[in-house]
Amino acid sequence: MSEVNRSPAFWRSFPIFEEFDKETLMELAGIATYRRWPAGTVIFQRGDEGNYMVVVVSGRIKLSLFTPQGRELMLRQHEGGALFGEMALLDGQPRSADATAVIASEGYVIGKKAFLDLIIHRPQIAEAVIRFLCAQLRDTTERLETIALYDLNARVARFFLATLKQIHGHELPSSANLRLTLSQTDIAAILGASRPKVNRAILSLEECGALKRTDGIICCNVDRLLNVADPEEG
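Residues numbered from 1 in each chain as written. Predicted model: local features only at pLDDT ≥ 70, side-chain atom pairs only at ≥ 80, totals over all residues. Heavy atoms only, no water.

Chemist: Explain the overall build of the protein to me, please; I cannot follow it from the model alone.
Modeler: Helix and strand content of the protein: ten helices and nine strands. Its C-alpha atoms put the protein at 55 × 40 × 35 Å along the principal axes. Counting only residues that meet the buried cut, the protein has 39% of its 234 residues in that class. Looking at the protein alone, contacts between residues at least 24 apart form 67% of all its contacts between residues at least 6 apart. (Helix = DSSP H or I, 4+ residues; strand = E, 2+ residues; numbered from the N terminus. Buried < 20%, exposed > 50% of the residue type's maximum accessible area, 1.4 Å probe, protein only. Contact = heavy atoms within 4.5 Å.)

Chemist: What exactly am I supposed to notice about the sheet that holds strand 8 (residues 211–214) here?
Modeler: Within a beta sheet, neighbouring strands are joined by backbone hydrogen bonds and run either parallel or antiparallel to one another. What the three strands build is an open sheet, ordered 7-9-8; its pairing is antiparallel. Lying at the two open borders of the sheet, with one neighbouring strand each, are strand 7 (175–178) and strand 8. With strand direction ignored, the average angle separating the axes of adjacent strands in the sheet is 20°. The sheet contact formed by strand 7 and strand 9 (residues 217–221) spans four bridges and is antiparallel. The residue bridging S175 from the neighbouring strand is N221, located in strand 9. Across the face of the sheet, helix 7 (residues 152–168) comes into contact with strand 7, strand 8 and strand 9 while running at roughly 90° to strand 7. (Pairing = 2+ DSSP bridges. Axes fitted to C-alpha atoms, helices over the stretch in contact; angles between N-to-C directions.)

Chemist: Please explain the packing of aromatic side chains as it appears in this structure.
Modeler: Aromatic ring pairs are reported here in terms of the distance separating the ring centres and the angle at which the planes meet. On inspection of all chains with the given rule, the structure shows 13 aromatic pairs. Ring centres 6.4 Å apart and planes at 65° place the aromatic pair F14 and F17 in the edge-to-face group. Accessibility classification places F14 together with F17 in one group, the buried group. Each ring, one from F44 and one from Y52, has its centre 6.3 Å from the other, and the planes form 65°; the classification is edge-to-face. No difference in accessibility class separates F44 from Y52, as the two residues are buried. Above the face of the F44 ring, R95 is positioned so that its terminal group lies 4.0 Å from the ring centre. (Phe/Tyr/Trp six-rings, centres within 6.5 Å; stacked < 30°, edge-to-face > 60°. Lys NZ or Arg CZ within 6 Å of the ring centre and 35° of its normal.)

Chemist: Honestly, the UniProt feature "domain: Cyclic nucleotide-binding" (unreviewed entry) in the protein in this entry has me stumped. Any pointers?
Modeler: With numbering aligned to this structure, UniProt lists the feature "domain: Cyclic nucleotide-binding" (unreviewed entry) at residues 16–119. From the first C-alpha to the last, residues 16–119 spans 13 Å; its make-up is 23% helix and 46% strand. (UniProt positions renumbered as here; feature names shortened; annotations may be inferred.)

Chemist: Help me out: how do you make sense of the domain arrangement of the protein in this one?
Modeler: The extent of an interface is frequently quoted as the accessible surface area lost upon association of the parts. On domain assignment, one finds that the protein holds domain 1 (8–148) and domain 2 (150–229). The straight-line distance from the C-alpha centre of domain 1 to that of domain 2 is 25 Å. Counting residues at the interface gives eleven residues for domain 1, matched by ten residues for domain 2. When domain 1 packs against domain 2, close to 1100 Å² is buried across both sides, 47% of that on carbon and sulfur atoms. Seen at the junction of domain 1 and domain 2, the total is one salt bridge. The shortest N-O distance in the salt bridge between D186 and R60 comes to 3.9 Å. In this structure, the connection of domain 1 to domain 2 is made through zero residue pairs in polar contact (both at pLDDT 80 or more). Of all elements in the fold, only strand 4 (72–79) and helix 6 (125–149) reach the threshold of two or more residues within the side of domain 1 that touches domain 2. With six residues, the top contributor of residues to the side of domain 1 that touches domain 2 is helix 6. Taken together, the residues that form the side of domain 1 that touches domain 2 break down as four nonpolar, two polar and five charged. (Domains from an automatic or database assignment. Buried area = accessible area lost by both parts, 1.4 Å probe. Salt bridge = Lys/Arg side-chain N within 4 Å of Asp/Glu carboxyl O. Polar contact = N/O pair within 3.5 Å; in protein donor to acceptor, adjacent residues only side chain to side chain. Nonpolar A, V, L, I, M, F, W, Y, C, P; charged D, E, K, R; others polar.)

In structure tokens:
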């Protein structure tokens, strides 16, 4: 087991574990197995047994659904510091989506039996897990609201705001810089739109001063993004 794996600070950096005490974190480190996934690796598929969850150390892993015609709906993309696969692990149901390494990735796998045993022996951590799951559900509800109720310019603005919140929390600065690892095709898949339409929406956000792209850096004017994201509020 690596020194990083042994560090309570490392494990506490994942939101689901941030309220665990040091002793529990050390037990968690002891049941985690280090793994690497080359780009293109299918980690699991929809319908598979949910017998483990994954914490991502580096790389990028997408969760997606496919229609019988082969069309992909991307649900999320997870990078370092994220966790996925916990839902099937906890409710005993099959996987609800495919998980694929977009680029070479590494992380830790935590088995179902070992994690549930940990909760049984330390029931105080169950409350932290419940809060994490509720936060995930709220985030999913907000994503569905964005796709269903807003035009594409607003959806793209909300995407940038959500990305900023992952970095800065809910108290956003008036302006902030982003270096996105996602392509416009990736963003389009997340928002349920085509890449050309997403490109036009980004150009529209640039024209109104909400975004400015320079050498791979996106400078975000938060107030103007908020105005586009919810014009009635603005």
